[in-house]
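# Observations on the model geometry
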Amino acid sequence: MMPSDREAERSVNRPAQSIRRVWGLVYRHLALYRSSPPRLIELMYWPILQMVVWGFVTAYLAGMQNNVASVAAGVLLGGVLLWEAALRSQMGFSISFLEEIWSRNLGHIFVSPMRPGEMVAGLMVMSVLRTCIGVVPAMGLAWVLYAFNIFALGPLLVAQFAALIIMGWAVALGVTSLILRYGAGAEALAWSVLFGITPFACVFYPVSVLPGWLQPFALALPAAHVFEGMRAALVEQRMDWGHLAAAYVLNAAWIAGMAWVFMRQFQSARVRGALLNIGE
Amino acid sequence: MIAALTVENLVKRYAPGLAPAVDGLSFTMAQGQTIGLLGGNGAGKTTTIAMLLGLLVPSSGRITALGHDMAKDRFAALARMNFASPYISLPSKLTVRENLRVYGHLYNVAGLKARIATLAEELQLTEFIDRPAGQLSAGQKTRVALAKALINTPDLLLLDEPTASLDPDTGDWVRTRLERYREKTGCAILLASHNMAEVERLCGHVLMLKQGRVVDEGSPEELIARFGREDLEQVFLDIARGTRVGESA
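Sequence order as written defines residue numbering, which begins from 1 separately in each chain. As a convention, the first chain written is A and the first ligand written is 1, with the rest following in written order. Reporting in this predicted model follows two pLDDT cut-offs: at least 70 for local features of residues, and 80 or more for side-chain atom pairs to be given and counted; totals over whole chains, interfaces and linings ignore these cut-offs and use all residues.

## A few points about the overall build of chain B
Strands are runs of DSSP state E lasting at least two residues, helices are runs of H or I lasting at least four, and both sets are numbered from the N terminus onward. Along its length, chain B carries 9 helices and 10 strands. The globule rule puts the C-alpha radius of gyration for 249 residues at 18 Å, and the 18 Å found for chain B is close to it. Principal axes of the C-alpha set define a box for chain B whose edges measure 55 × 40 × 35 Å. Our exposure labels follow a C-beta count within 10 Å of each residue's own C-beta, placed from the backbone: buried means 20 or more other C-beta atoms, exposed means 12 or fewer, and partly exposed covers the counts in between. Among the 249 residues that make up chain B, the fraction classed as buried is 47%. Sequence separation of at least 24 residues holds for 64% of the intrachain contacts in chain B that already meet a minimum separation of 6. To get the radius of gyration, use the C-alpha atoms; to get the globule rule, take the number of residues to the power 0.38 and multiply by 2.2 Å. In this description, any two residues whose backbone-derived C-beta atoms lie within 7 Å of each other are considered to be in contact.

## Considerations on the pairing of strand β1 (residues 5–12) of chain B
Residue and element names in this part refer to chain B. The criterion for strand pairing is that DSSP finds at least two bridges linking the strands in question. Bridge analysis of β1 against strand β2 (residues 22–29) gives 6 bridges, and the strand direction is antiparallel. Note on β2: the bridge partner recorded for Lys 12 is Val 22. The pairing of β1 with strand β4 (residues 60–65) spans 5 bridges and is antiparallel. Bridge assignment links Thr 6 to a residue of β4, and that residue is Thr 64.

## Structural notes on the nonpolar core
Counting 156 residues, the largest nonpolar core has Leu 81 and Leu 164 of chain A as its most contacted members. The element contributing the most residues to this core is helix α5 (residues 75–102) of chain A, with 15 residues. Taken domain by domain, the makeup of this core includes at least three residues from each of domain 1 (1–80 + 155–249) and domain 2 (90–153) of chain B. If near-sequence neighbours (up to four positions away) are discounted, Leu 81 of chain A is found in contact with Met 51, Val 135, Ala 138, Met 139, Ala 142 and Ile 150 of chain A. Note on terminology: a nonpolar core is any set of buried Ala, Val, Leu, Ile, Met, Phe, Trp, Tyr and Cys residues joined through C-beta atoms within 7 Å. Each domain span listed reflects an automatic or database assignment of domains.

## So, the interface of chain B and chain A
Across the boundary between the two partners, chain B contributes 33 residues, which contact 32 residues of chain A. Among the elements that take part in the side of chain B that touches chain A, helix α3 (residues 96–106) of chain B stands out by supplying 6 residues, more than any other. Split into classes, the residues belonging to the side of chain B that touches chain A amount to 20 nonpolar, 8 polar and 5 charged. The residue classification treats Ala, Val, Leu, Ile, Met, Phe, Trp, Tyr, Cys and Pro as nonpolar and Asp, Glu, Lys and Arg as charged. All others, Gly included, are polar.

## Notes on the sheet that holds β1 of chain B
Think of a sheet as strands paired side by side through backbone hydrogen bonds, with each pair either parallel or antiparallel. Strand order in this open sheet of 4 strands is β2-β1-β4-β5 (chain B), and the pairing throughout is antiparallel. The sheet terminates laterally at β2 and β5 (68–69) of chain B, the two strands that pair on one side only.

## Details of the domain arrangement of chain B
All names here are of chain B. Segmenting chain B into domains produces domain 1 (1–80 + 155–249) and domain 2 (90–153). Between domain 1 and domain 2, the C-alpha centre-to-centre distance is 26 Å. Per element, the largest residue contribution to the side of domain 1 that touches domain 2 is 5 residues, and it comes from helix α6 (residues 168–185). Among the residues making up the side of domain 1 that touches domain 2, the classes are represented as 5 nonpolar, 3 polar and 1 charged.

## So, the environment of Phe 148 of chain A
Residue and element names in this part refer to chain A. Along the chain, Phe 148 turns up in the loop between α7 (116–146) and α8 (155–182). On the neighbour-count criterion, Phe 148 (24 C-beta atoms within 10 Å) is buried. In this structure, the C-alpha to C-alpha distance between Phe 148 and Ile 179, residues 31 residues apart in sequence, is 39 Å. Sequence-distant contacts of Phe 148, defined by excluding residues within four places in its chain, comprise Gly 74, Leu 77, Ala 142 and Trp 143.

## Overview of the sheet that holds strand β8 (residues 188–192) of chain B
Residues and elements named next belong to chain B. Read across the open sheet, the 6 strands follow the order β6-β7-β8-β3-β9-β10; overall the sheet is mixed. Looking at which strands have only one partner, the edges of the open sheet turn out to be β6 (81–84) and β10 (213–218). Sheet twist, expressed as the mean angle between neighbouring strand axes with direction ignored, is 20 degrees. Strand contacts of helix α8 (residues 220–227): β9 (205–210) and β10, with the helix running at about 100 degrees to β10, the strand carrying the most contacts. Here, axes are lines fitted to C-alpha atoms. For helices the fit covers the stretch in contact, and angles between N-to-C directions go from 0 to 180 degrees.

## Comments concerning the confidence of the model for chain B
Per residue, pLDDT captures the predictor's confidence, and it can take any value from 0 to 100. Taken residue by residue, chain B gives an average pLDDT of 92. The fraction at 70 or more is 98%. Here the prediction assigns the complex a pTM of 0.90, and the interface score ipTM is 0.90.

## As for the packing of helix α11 (residues 222–235) of chain A against helix α12 (residues 241–272) of chain A
All names here are of chain A. Where α11 contacts α12, the two axes come as close as 8 Å, and the packing angle between them is 165 degrees. One element, α11, and the other, α12, form an angle in the roughly antiparallel class. Regarding α11 and α12, the two cross each other, and that crossing is left-handed. Facing α11, whose interface residues are Pro 222, His 225, Val 226, Glu 228 and Gly 229, α12 presents His 243, Leu 244, Ala 246, Ala 247, Leu 250, Asn 251 and Trp 254. Taken together, the residues that form the contact of α11 with α12 break down as 7 nonpolar, 4 polar and 1 charged. For this classification, under 35 degrees means roughly parallel, over 145 means roughly antiparallel, 65 to 115 means roughly perpendicular, and everything else is oblique. With the far helix as reference, a near helix turned anticlockwise by less than a right angle produces a left-handed crossing, and one turned clockwise produces a right-handed crossing.

## Describing the environment of Trp 169 of chain A
Residue and element names in this part refer to chain A. Structurally, Trp 169 can be placed in helix α8. Take Trp 169: there are 25 C-beta atoms within 10 Å of it, and that puts it in the buried class. As for Trp 169 and Val 128, which are separated by 41 residues in sequence, their C-alpha atoms are 9.7 Å apart.

## Observations regarding the environment of Leu 125 of chain B
Residues and elements named next belong to chain B. Structurally, the position occupied by Leu 125 is in the loop between α4 (112–122) and α5 (138–150). The buried category is assigned to Leu 125, around which 23 C-beta atoms lie within 10 Å. Here the alpha-carbon distance between Leu 125 and Arg 143, two residues 18 residues apart in the chain, equals 7.4 Å.

## Comments concerning α7 of chain A
Residue and element names in this part refer to chain A. Over its 31 residues, α7 runs 44 Å from end to end, which matches the ideal 45 Å to within 8%, given 1.5 Å per residue. Given a residue, its bend is the angle between the two axes fitted to the seven residues that end at it and to the seven that start from it. Along α7, the sharpest kink reaches roughly 25 degrees, centred on Cys 132. Once α7 ends, the next one or two residues include Ala 147, with phi positive near 55 degrees. How far a helix is expected to stretch is found by multiplying one less than its residue total by 1.5 Å.

## Considering unusual backbone geometry
Phi angles above zero are rare outside glycine, and Ala 147 of chain A is one such case at about 55 degrees. Looking at the secondary structure, you find Ala 147 of chain A in the loop between α7 and α8. On the basis of neighbour count, Ala 147 of chain A is assigned to the exposed category, with 10 C-beta atoms found within 10 Å. With a phi close to 45 degrees, Asn 9 of chain B is a non-glycine residue in the positive phi region. Tracing the backbone shows Asn 9 of chain B in strand β1. Accessibility expressed as a C-beta count within 10 Å gives 12 for Asn 9 of chain B, which makes it exposed.

Given below as C-alpha cells:
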C-alpha cells in the first residue's frame, strides 16, 4: 500500500475514529483490571467498608436518639452511598491517569493521534465503570444487611448519582491539572482532595447547620444541592427539583472551568517539557 | 513529492536566560530517506525528537511532517507517524497482544487482528504474544516496541536509540527489520543513536549536533573522508572533543 492510499484510509470517518481511540484507552484499563484482581477488589473494598460502618452507626442512633424517623429514613446511609459515587468517580478518573504515569506509558499516548479531549473522555468512561463496580455492590449490600433500599429513590437516584459523578470529574480535572503542573509529587491529591470537601458538601447534615458565612461556599458545590435533594426525598418524600437543577447548572460551570484549567496546564506542560519527565 | 519532514530554524529555550537546548536546527528529509541524529549527551537529540512528535512546543521555528504543520495540525501527522524508544515503556501488566490492540485502536488500524498476526510473524513475537510485557527479556521488549512502532504502517518513523542495551546479534536483527520495512514501504526514518556502526549502516545522511546546533552534516562516507578518519566513531569523538584534525567542511 502506498502512502497516499494509507492517508486516504486514515482520513475517513473521523467521529468513528475518535470513538475508537476512546475505546482504545478504555480497553487498556479493562485489560489491566482483568490481569490484576487486587485492583478490582480494591474498587469494592472501601465503599462496602464505609457502608458497613455507617450501617451500624445508623442502627445505633436509631435506638438512642429521638429523631428516629430521620435516621431510620436512611439519610446517613444514603449520604454515605451517594458520596462514595463522587469519591469513586474522582479517583477513577485521577488514578486511571496516574496508571499511565506509573507505567511510563504517557509518552506513547501523547505521541499517538489521541486528542486531549479524547483522553479525558476515556478517563470519564473508566471513572463511570470504576464507580459502578465500587458503589453498586455496596448499595445492594445495604439493602440486604440493613434493609435500606436506596434504589427506592428511582429515577431521582440516577439523576443524583450522575450529578455526583460529574462533580467527581470536575475535581479530577483539577487534580490532573496539578499533576501536569507539579508532576507525580501532586499524586497524593488524587486520594485526598475530595475528603477535604466533605464538610462543605453537607453529606450528613443540612446546609443550614453550617455558619452563615460558610453556607455560600457550600451552595457553590453541586454535592450540597444533591444531598439537600436526597434528604427532601427520604425524609419528606418530595422531589426538590430546584436543588437538582442547581446541581447540574453548577456542574456545567465547574466542568467548563476545570476543562479550561486542564487544557491550559496541558499546553503549559508541552511548553515546559513536563510531558517528557512527568513521572519523576 | 511532499517531503517526509521539513524542519526550519527550530529553537527550544526551556527558560529565559538559559542556553537554548536546540538552536536554529534546519533540515529536510525525503520520503524513504534515513537520517541519523548524532551528538553527545545534552546535544539536543531528545529535545528535537520531542518537538518533532508534538510533545514539546518549540520556542520558534517550524516543523512540517508529511505535509502537515505540526503547530496547527499535528494529529493528522501523528496518525501517520510512530515512535520507539527503550526509555518509554509499554504497560507491563498487559500482554503483548493487548498492548498491540491498544495502540491499534489509538492509531485506527484497519484489519487490526490481521495486522497483529503479520507483525507477530515478521518480528517473531508469536511465542510470547500472550505473555505480560513486563515479563519479557530486553531483546523481546525491543521487538515488541518495534511492533508497536510499526502497528500503523507509519510513513515517518522516529527512533531513539532503538538498539540500546541489546546484544550485537539482536541489534543486527532489529536493523535488518528496519531496512526491510523501509524498502517495502518507503518510510522515512529519523534515528537518534550512539551506535556509530548502526548509523553508518542505516543512514544516508547524518546531522552532527553539539549544544543544540548542527556542527556538521553529510553522508557517513563524506564525514569520514572530510575528517580524515577511518570510521564515524572517530568523527564523533573529534566533534565531541573539539579535536577536529581533517579538512574543514
